[in-house]
Amino acid sequence: MGTETTVRPGKAGVRCPGLPEDERHMSRAFKLARRGMGHVSPNPMVGCLLVRNGQMVGEGYHQRFGGPHAEAQAIQDAGEKARGATAYVTLEPCAVSYADKKTPPCTEALIRAGVKRVVVSVRDPNPRVNGGGLARLKSSGIEVAEGVLAEEGARLIRGFSRWILTGRPFVILKAARTRDDFVAASLDFNWFTSPESKRRAHHLRAEVDGILVGRRTAEIADPQLTVREVAGHNPRRIVLDTALRLPGGLQLFNDGAAPTLVITTEGESGTTPWGERIKVAPSAAGVDLGQVLDALGERGITSLLVEGGPTLHREFLRARLVDEVILFTAPREADAKVKRRPDLRNALVVPEGWCLIAKEELGGDQLVVAQPDHSLSGMLNHSSIERSST
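Here is what the cut-offs are and how they apply
- Residues numbered from 1 in each chain as written.
- Predicted model: local features only at pLDDT ≥ 70, side-chain atom pairs only at ≥ 80, totals over all residues.
- Heavy atoms only, no water.
- Helix = DSSP H or I, 4+ residues; strand = E, 2+ residues; numbered from the N terminus.
- Buried < 20%, exposed > 50% of the residue type's maximum accessible area, 1.4 Å probe, protein only.
- Contact = heavy atoms within 4.5 Å.
- Areas by Shrake-Rupley, 256 points an atom, 1.4 Å probe, with all protein chains shown as cover.
- Salt bridge = Lys/Arg side-chain N within 4 Å of Asp/Glu carboxyl O.
- Disulfide = S-S within 2.5 Å.
- Pairing = 2+ DSSP bridges.
- Axes fitted to C-alpha atoms, helices over the stretch in contact; angles between N-to-C directions.
- Parallel < 35°, antiparallel > 145°, perpendicular 65-115°, else oblique.
- Left-handed = near helix turned anticlockwise from the far one by under 90°.
- Phe/Tyr/Trp six-rings, centres within 6.5 Å; stacked < 30°, edge-to-face > 60°.

A. Structural view of the overall build of the protein chain. Helix and strand counts for the protein chain come out as 12 helices and 18 strands. Among the 390 residues that make up the protein chain, the fraction classed as buried is 53%. Summarising the internal contacts of the protein chain: among those between residues at least 6 apart in sequence, 71% fall at separations of at least 24. Carbon together with sulfur atoms contributes 48% to the accessible area of the protein chain, which is approximately 17,300 Å² in total.

Encoded structure:
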């Protein structure tokens, strides 16, 4: 890890909750940004809308890692109509170039296009950029406003924020349980939550870069760990198999639906026909989860969904490596055979002191989402590691 640095907020732009038209246009920019989901990591999703005289004249989003940024796409779409327009950008435009950066600074493209005003949702948490892009725009005579729909903006890039500042992914623990607190309703291990909950779970998969399970879950349930109920990309599949005991016939190793990464404390790291084997240090709990997150971050995984099982959930919570907990509770009880299996007892709980940020009913199931009692946005001006986004 590098030397800790602090990035000062500065006075680059005017912070404001946003005028109604600013919020409306920024909402459109968010929709554009999400089109890049699954294609831009480890870069953040970014959308840009150009508006002149109340009319949209250009729009764009970051479509793929290494490709043109959202601002460049919107300017190309608008052509000469970009001159005198207001740019709505979900993330502060970049203002720097460095050796491994694949695209030119977006601030210069906005300046050359003659944009008169730039409205951003949140600053770029990258210490190389934070505040510098807004300062560059303002110094060139462009009016700058920031903080429009900032909460939504911070959520959109939360994986990138965690990764660029720590080198590790944003970690989400997800579980489904019966009302009597088991992670299975029967020993066939079929889905027991509602169709609505199943679709939500698959949407969660589509939102992340990686999905992690333990050896027991992989061996017993033989899951695909793919996105099937909704449209979206398949995340990289990761399984903890410390002693390399998983059978080769599992779907994870044979269906070709997505790369599979095996985390182990045995053998050697290297590529395989189905993906990659990653060796990490052992620990009293079996594997050093912090080192696992470091290894995944090194591979550009900025967000990680931990689906289980109970032992893995327990160890992540014990190690205090969790950023969000998502828990589905179905109204049915587990059958008698499951109740005789203490290893199927749910271990995912909302830790004491965490904030409940969402609660809803999905087809008769109850869904709760909780996070630690601190805002990720508080990280945006602090860094202990320097990484490159392009």
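The structure having been displayed, the exposition proceeds.
B. Main features of the pattern of salt bridges. With the rule as written, the count across this model stands at 25 salt bridges. The closest approach of N and O atoms between D323 and R162, which form a salt bridge, is 2.3 Å. Of this pair, D323 sits in the loop between α11 (310-318) and β15 (324-329) while R162 sits in helix α6 (residues 158-166), and the two are 161 residues apart along the sequence. Where D294 meets R168, a salt bridge forms, and the shortest distance between an N and an O atom there is 2.8 Å. Residue D294 is found in helix α10 (residues 289-298), and its partner R168 is found in the loop between α6 and β8 (170-177); the two are separated by 126 residues along the sequence. Take R168: its relative accessible area is 25%, and that puts it in the partly exposed class.

C. Seen up close, the state of the cysteines. In the structure shown here, the tally under the stated rule is zero disulfides. No disulfide involves C106; its nearest neighbouring cysteine sulfur is the one of C94, lying 3.7 Å away. Taking relative accessible area as the criterion, C106 reaches 4% and is therefore assigned buried.

D. Structural context of the sheet that holds strand β14 (residues 303-308). Taken in spatial order, the 10 strands make up an open sheet running β12-β13-β11-β10-β9-β14-β8-β15-β17-β16, and their pairing is mixed. Pairing within the sheet leaves two strands with one partner each, and these edge strands are β12 (270-272) and β16 (355-362). Along the sheet, successive strands turn relative to each other by an average axial angle of 20°, direction set aside. The sheet strands contacting helix α7 (residues 195-207) are β8, β9 (210-214), β14, β15, β16 and β17 (365-371), and the helix crosses β15 at an angle near 160°.

E. The packing of helix α3 (residues 106-113) against helix α4 (residues 132-139), seen in detail. Look at α3 against α4: their axes get within 10 Å of each other, and the N-to-C directions meet at 20°. As the angle between them shows, α3 and α4 are arranged roughly parallel. Seen along the crossing, α3 lies across α4 with a hand that is right-handed. The segment α3 lies against α4, with T107, E108, L110 and I111 engaging G133, R136 and L137.

F. Inspection of the packing of aromatic side chains at higher detail. Throughout the structure, instances matching the rule amount to two aromatic pairs. Taken together, a centroid distance of 6.4 Å and an interplanar angle of 40° make the contact between F160 and W163 tilted. With F160 and W163 both in helix α6 and three residues apart, this pair spans about one turn of that helix. Classification of W163 by relative accessible area gives buried; the value is 5%. Ring plane angle 45° and centroid distance 4.8 Å describe the contact between F253 and W274, whose orientation is recorded as tilted. Of this pair, F253 sits in helix α9 (residues 251-254) while W274 sits in the loop between β12 and β13 (275-279), and the two are 21 residues apart along the sequence. Here F253 falls in the buried class, since its relative accessible area comes to 12%.

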